[in-house]
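Report on the structure
Single-letter residue listing:
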Amino acid sequence: MAIEVRPASVFEDVRALVGPKSPGANVCWCLSHRIPSKLNNELRGPARGEYVAGLCRADPPPGVIAYDSDEPVGWAAVAPRSATSFARNRKIPHVDDLPVWSLWCIRVRPGHRKQGITHALIAGAVEFARESGAPVIEAYPLDNGDARVDQTMAYAGLRKNFERAGFVHAADTTSVLAGHPRILMRLDLR
């Protein structure tokens, strides 16, 4: 299996990874941290997908996708922190004034897990941010130690996976997800 990570510019592939089974459903579409909460609450059903389709046409696109051949098997949301709700989040601190990028959601399709796709997504997101001029990339993973994490709530990533990719602990946060504290980890791209 050769995994290739590419910018998320093909809407149908993004939909396959983070869209609902039913077009009218109000699932996240990985918009919760990307847009203001008022807009997130206003976008209902198909309007959510239409919004994401617009993001896929934008420069930069909303993240990266891992492909096994041409099959989309994983997603990572990555964007300038200033373009996300993390820019205003009181639970996730700002370490400095650098125009950092945030990596906040990783999803691997069922049937493709435990094959290294998460690691490929993190590496691909780092390269995407670097090529886009980011001086630093941040992530806000769970600091779960060896405790199991529900797959639904593991979207933020796990500390050990980011450590493996060279990220370092930069700050504690007051954010908790699925009973586990989240930490701020960074990788300097300069």
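Preceding block: the structure.
An account of the accompanying structure is given in this report. Every chain is numbered on its own, with residues counted from 1 as its sequence reads. Totals for whole chains, interfaces and linings use every residue, but because this is a predicted model, local features are given only for residues with pLDDT of at least 70 and side-chain atom pairs only at 80 or more, for both listing and counting. Excluding hydrogens and water, the side-chain values take into account all heavy atoms of the structure.

So, about the environment of Ala79. Tracing the sequence through the fold places Ala79 in strand E3 (residues 71-80). When its relative accessible area of 6% is taken as the criterion, Ala79 is described as buried. Between the C-alpha atoms of Ala79 and Ile3, which are 76 residues apart in sequence, the distance is 22 Å. Note on contacts: a residue pair is in contact if any heavy atoms of the two residues lie within 4.5 Å. Each residue touching Ala79, except ones within four places of it in the same chain, is listed here: Arg34, Thr84, Trp101, Ser102 and Trp104. Under the scheme used here, helices are H or I runs from DSSP no shorter than 4 residues and strands are E runs no shorter than 2 residues, and both carry numbers assigned from the N terminus. Type-normalised accessible area, obtained with a 1.4 Å probe on protein chains alone, sets the label of each residue: buried when under 20%, exposed when over 50%, and partly exposed for intermediate values.

Turning our eyes to something else, we now look at the packing of aromatic side chains. Aromatic rings considered in pairs are described by the distance between their centres and by the relative angle of their planes. Two aromatic rings, drawn from Phe, Tyr or Trp (for Trp, its six-membered ring), form a pair once their centres lie within 6.5 Å of each other, and the interplanar angle then sorts them: stacked below 30 degrees, edge-to-face above 60, tilted otherwise. Scanning all chains against the criterion turns up five aromatic pairs. Seen from their ring centres, Phe11 and Trp29 are 5.7 Å apart, and the 15 degrees between their planes marks the pair as stacked. Residue Phe11 is located in helix H1 (residues 11-18), and its partner Trp29 is located in the loop between H1 and helix H2 (37-42); the two are separated by 18 residues in the primary sequence. Accessibility expressed as a relative area gives 17% for Phe11, which makes it buried. Ring geometry for Phe86 and Tyr140: centres 4.5 Å apart, planes at 35 degrees, overall tilted. With Phe86 in the loop between E3 and strand E4 (101-108) and Tyr140 in the loop between strand E5 (136-139) and helix H5 (159-164), the pair connects residues that are 54 residues apart, well separated along the chain.

This part takes up unusual backbone geometry. Put simply, Asp59 and Pro60 share a cis peptide bond, and its omega is 5 degrees. Relative to the helices and strands, Pro60 resides in the loop between helix H3 (46-57) and strand E2 (63-68). Even without a glycine there, the phi angle at Trp29 is positive, about 60 degrees. The class of Trp29 is buried, set by a relative accessible area of 6%. Unlike most non-glycine residues, Ser69 shows phi in positive territory, near 60 degrees.

This brings us to the nonpolar core. One recurring pattern in soluble globular proteins is that nonpolar side chains are buried together. Of all hydrophobic cores here, the largest spans 26 residues; its most connected members are Val14, Leu31, Val52, Ile65, Trp75 and Trp104. Of all the secondary structure elements, the ones that give two or more residues to this core are H1, H3, E2, E3 and E4. Beyond its immediate stretch of four places on either side in the chain, Trp104 contacts Cys30, His33, Arg34, Ala77, Val78, Ala79, Thr84, Phe86, Tyr140, Tyr155 and Ala156. In plain words, nonpolar cores are sets of buried Ala, Val, Leu, Ile, Met, Phe, Trp, Tyr and Cys residues tied together by side-chain atoms within 4.5 Å. In terms of nonpolar packing, the next biggest core, distinct from the first, is built from 25 residues, Val73, Ile117, Phe128 and Leu187 among them.

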